[in-house]
Every structure is written in structure tokens, then in C-alpha cells.
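So you can see what is in the structure, the chains are spelled out below.
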Amino acid sequence: MEKSLEILKKYFGYNRFRLTQANAVENVIAKKDTFVLMPTGGGKSLCYQVPALVLEGTAIVISPLIALMKDQVDALRANGISAAFLNSSMNPNEQNETFRQLKDGKLKLLYVAPEKLSADNGHFLNLLKDINISLFAVDEAHCVSHWGHDFRPDYLFLNGIKEQFPQTPIIALTASADEITRQDIIKQLNLQDPTVLISSFNRANIKYFVQPKQSVSNHIIQYLNEHPNDSGIIYCLSRKGTEELANYLKENGINAAYYHAGIPSVERAKVQDDFIKDKIRVMIATIAFGMGIDKSNVRFVIHADLPKNIESYYQETGRAGRDGLPSEAILFYSNADVMKLKNFAMSENEEQSSLMLRKLQQMTDFAEMHKCRRQYLMEYFGESHPGNCNSCDYCLSEFENWDATIDAQKLLSAIFRLKERFGKNLIIDFLRGSKSVKIKDYMKDMPTYGIGANSDKKYWQNLIRQLIINDFLKDSNDEYPVLKLTESSKEILFNSRKVNLQKVKDLVKAVTVEDIE
Ligand code: ADP
Ligand code: ZN
């Protein structure tokens, strides 16, 4: 321990370890396999960098983030550590030079891109046979699992490590792994009786808010005006979206810039740097922004569009409040975004697409459900939170109970009469007695036609959503989604089960942006 603390101080300038770092470091130094689950920004890198310096030999780090590899290696070198990387962007001469250094035992750390592992049918691991390897670190380890959200076939070659290097410790690190993925990672990497270290995902200083996506840019301007000293990130789905919003904010006198992968890298580095140095107050960005960025005083992260899954949402909102001071995460949510992302997902191959749809469903559940947001997030990552958090929009709102039995019966019987063959728009039109051509004459003769005319479209949409969340109804979720009954909906229809739902009574201090109005 003495030795690792000394190295922590000498090479990295820190006085103490954070979260489970100390355990991870000690465990690897003791040559034991280790699994580290730590939120983004928690400090996973030091878990293998410190042991790499304590142990003899070279540490092999497998990392899929090629773009970051060079930065990481440069940072290590700047701290006086001999490190190098190997990836496909290098020419053969450069690769040979790196190999020579490796053979001469000159490197403490070698970063390797996953495609190196699969090249020549896994030849790379053989090359390492003659080298004194201190440890293998598998960064972003969820990429090895089909259950993760970012499976990479190249990672499958990692399962040969344990067999070929039984004496060398493997440390697997990830910020996103539910219980199944976790088990799968351990299995795929063949970790031997690993020490599993899980840090809490609770970010107590971040408040979570979700609100309907309506006139987003104006809400954002109001928010920014209300928090004049705060700096933050606004995520958009498309490059064009970031440019438009940035321009709109600038026209309104806000110091903003945009960032996406289509901007030349020199310029990108410049805006990123300006943001970190507080020369730019608001960064409007696609998800390309943020990996590896360390700005501690990000006070808010706003999602102007819906993220694809909980992992992304958590990772992006996690960039707020690294200094531990109160910060806010605000998500603007709309059905249109859900449809857009569904279409994206549908364009993938079948396996990928069903995984993406499942993840998207969890994201929409999070946005729509009446439950503490923090509890949901923590449960998602396999933890629990005792009681309500009192710092999310749900916990800060007051609800009143709402007996929805009669309307639920109307809705479900319409679906039943129409033989569960239609989507929500047609069902709502039907209930409201619409004259639309989509409503065929035979439908108009049914007794349920028009029985919901006294409530508007929004009301019915909301009820459908609530019933889906409470498992009284389901969405078939395929290309032409139709509403289907569930076992519980039959109880409402045929056994007159009561339906008690909740609705917001008063937004107390919940949705910050709306307070202003
Ligand atoms: P992760 O990979 O988990 O997202 P990093 O390893 O990139 O996180 O670390 C995030 C930031 O936290 C880096 O700037 C790192 O230098 C800093 N950090 C890591 N460990 C410590 C520590 N023990 N004390 C202070 N800062 C730390
Ligand atoms: Zn809460």
C-alpha cells in the first residue's frame, strides 16, 4: 500500500485513492483477477496504471477508444511514465518501433486497440509470450458481452488471455454493466475467482428532472438566464441540431459553441479547451463530446433530445457536478424522439436492433414512469436506494390519486373490440368518434365508437402511457406498433378491477425551467 500511495503521489499528484481504487490496486498487485464497476469519471484508469508502475514488466491495456489512446499515452508520458500504443492508424514502421521497445522491456504500459487482437486470427497474444507482462487491463469491458450496449466482436479474442497467461492478473473495468452483463464479462474473460468491486452509482449532488419537450430552445434560454453564472453542456441528437441551437443561443446573447464529430479536429480541440477554461459557457454537442473531458464545474447537463439508452443518459448527465457541488440534469422528452430512435434501431441487424429497442424502452420507462428517478437509475445499475431521494422531479412534486377505472375500461374495450390490431392513434380517433377516413364504416357501428369524445387526444395519450407503464396494456413495439391487452387488462375488462393512477397536482420546485414562467 505504501508503495502504491507513493506512486499515486509521485506520478499523478494525488494524495489518496477514491472509491474502490485502493482495493483494485492492491488486488492486482497481489496478482488476482479483478472486476471494477465504477461510474464514468470515477477514476478507473488509476486502477491499472498504479499497479503497472508497482509491478515488474509491461501492462497491456486493451481499450476501444482509439481516439483517446493517444491522449492517454501523452498524459502518461508527460508524467514521466514510459507508455505507447498500437492501433491501425499507425504505419508498419511505427508499429515495429513500438514492438522493439516492448521487447526491450522499455514500456511500463502498452495500449492496444481491440482490432489488433483479432488480426491474423489472434496472433498478437502469441507475440506477447516472450515478454514480461505485469497485467492485462480490459477497459470498457462490457464490449465483450452481447448483453452490453456496445458489443464488439474483436473483444471476443480476449477470452484467450487467461489460457495463454494463467499467471498474469486481468483487471476488467466498465462503467456500465447490469448484473447479467457483469456475469457475462467474468465468464467471457475467464476471470478466476475475481474480486468484484462495485462503486455506488448514486450521484447525490445531481438533481434529475424530466419534462415534456415543447419549445425547447426558449425553455433553455430561460433556464440560462435564470442561472447566469452556470456553465454546462446541452446534448442534441444531430450535428445540425447542435449548430442550430448554438446559433439561436448566440443570437440571444449567450456565450455558446457547438461540438460534433464533423468539425475539423484542430477546431474541435480549441472549443473543447475554451469550454474547459471557462471561455465558453455553454457547449451544445452531440455525444461525440465528453469522453475523457475533465471539467469539474459543469453545473447542468441538458438533453434537448432523448438519449438512446440509460447508460448514455447516465454517462452524459454524470459529467455534471464532478466537483461535488449541486448540479442539475434536465431531460426534454417527447414521443417523436422515441419514434425517431426506434427507426434508427430498426435499421440495424435483427439482434442489434432488438437489443437497442429493449434499451430504448428502458429509457422511455425512465422518462414516463411515476417513480423516483434516482431509484430507477440505481436499480438499473444493480443497486438500491433507500426511499425517495427528494432531489428529482418526482420526489419534489405532489401527486393526487386519480381513479381511472372507467376511462381505462373504455379504452381497453375499444382495443378488445378492434381485435388488438391497431396503434394508439387509431384507437384514440375511434374513441373520440373521429370522422377520419381511417375509421371504417363497420367500426362506426360498434358501441364503443365515440364513447371517449369528452376528453381530448392528449388525455388519452397520457392514459395509454400510464396503462403501459403499469402493465395494463402493452405496445407490440414492432414496425407497425399496435396496442395489445395483457393479463392484467383482462382483469379490468372482465373482473372490474380498479385502476388507480397518479397525476401531478402541483409542480412544487420540480421542473426548474417552468418555474420561471
Ligand atoms: P473513468 O475512466 O472512470 O471515467 P478516469 O480514470 O478518466 O475516470 O478519471 C477521471 C478523473 O479523475 C481524471 O481526471 C483523474 O485524474 C481523476 N482522478 C482519478 N483518481 C483520482 C484520485 N484518487 N484523486 C483525485 N483525482 C482522481
Ligand atoms: Zn427522487
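Preceding this section is the structure that the text describes.
Definitions and limits used
Residues numbered from 1 in each chain as written. Chains lettered and ligands numbered in written order. Predicted model: local features only at pLDDT ≥ 70, side-chain atom pairs only at ≥ 80, totals over all residues. Helix = DSSP H or I, 4+ residues; strand = E, 2+ residues; numbered from the N terminus. Contact = placed C-beta atoms within 7 Å. Pairing = 2+ DSSP bridges. Axes fitted to C-alpha atoms, helices over the stretch in contact; angles between N-to-C directions. Buried ≥ 20, exposed ≤ 12 C-beta atoms within 10 Å, placed from the backbone. Near = placed C-beta within 6 Å. Nonpolar A, V, L, I, M, F, W, Y, C, P; charged D, E, K, R; others polar. Expected span 1.5 Å × (residues − 1). Arc of directions from axis to C-beta. Parallel < 35°, antiparallel > 145°, perpendicular 65-115°, else oblique. Left-handed = near helix turned anticlockwise from the far one by under 90°.

## What to know about the overall build of the chain
- Secondary structure assignment for the chain yields 23 helices and 17 strands.
- For the chain, the proportion of contacts with a sequence separation of at least 24, taken over those separated by at least 6, is 73%.

## Let's talk about the sheet that holds strand β4 (residues 109-112)
- Pairing within the open sheet is parallel, and its 7 strands lie in the order β3-β4-β2-β5-β6-β1-β7. Each end of this open sheet is capped by a strand with a single partner; those strands are β3 (83-86) and β7 (195-198). Neighbour-to-neighbour, the strand axes of this sheet turn through a mean angle of 15°, independent of strand direction.
- Sitting on the sheet, helix α4 (residues 66-78) touches β3 and β4, and the angle it makes with β3 is about 165°.

## Overview of unusual backbone geometry
- Positive phi, close to 50°, is recorded for Glu 140, a residue that is not glycine.
- Tracing the sequence through the fold places Glu 140 in the loop between β5 (133-138) and α8 (161-164).
- Taking the C-beta count within 10 Å as the criterion, Glu 140 has 21 such neighbours and is therefore assigned buried.

## A look at the sheet that holds strand β10 (residues 256-259)
- In space, the 6 strands of this open sheet follow the order β8-β13-β12-β9-β11-β10, with parallel pairing throughout. Bordering the open sheet on either side are β8 (206-212) and β10, each of which pairs with just one other strand. Shown here is a sheet whose adjacent strand axes are inclined to one another by a mean of 15°, direction ignored.
- Two strands pair when backbone bridges link them, and strand β9 (residues 231-235) and strand β11 (residues 282-285) are joined in this way by 4 bridges, in the parallel orientation. From the neighbouring strand, Tyr 235 faces β11, where its bridge partner is Ala 285.
- The sheet strands contacting helix α11 (residues 239-251) are β9, β10 and β11, and the helix crosses β10 at an angle near 175°.

## Focus: the site of ligand 1
- The full set close to ligand 1 counts 13 residues, and Tyr 14, Arg 18, Gly 43, Lys 44 and Ser 45 are the nearest of them.
- Looking at side-chain class alone, the shell around ligand 1 contains 4 nonpolar, 6 polar and 3 charged residues.

## With respect to α11
- Here α11 spans 19 Å end to end across 13 residues, near enough to the 18 Å set by a 1.5 Å rise per residue.
- Turning to α11, its buried residues are Thr 242, Leu 245, Ala 246 and Leu 249. Seen end-on, α11 carries its buried residues on one side only, within an arc spanning 100°.
- Residues of α11 that are buried make contact with α10 (216-226), β9, β10 and β11.

## A look at the packing of helix α18 (residues 405-417) against helix α19 (residues 424-431)
- Between α18 and α19, the least distance of the axes is 10 Å, while the angle of their chain directions is 115°. It follows from the interaxial angle that α18 and α19 lie roughly perpendicular. For the pair α18 and α19, the crossing hand works out as right-handed. Where α18 abuts α19, its residues Lys 410, Leu 411, Ala 414 and Ile 415 lie against Ile 427, Phe 430 and Leu 431.
- When its residues are assigned to classes, the contact of α18 with α19 shows 6 nonpolar, no polar and 1 charged.

Worth remembering: the numbers are spatial, not functional.
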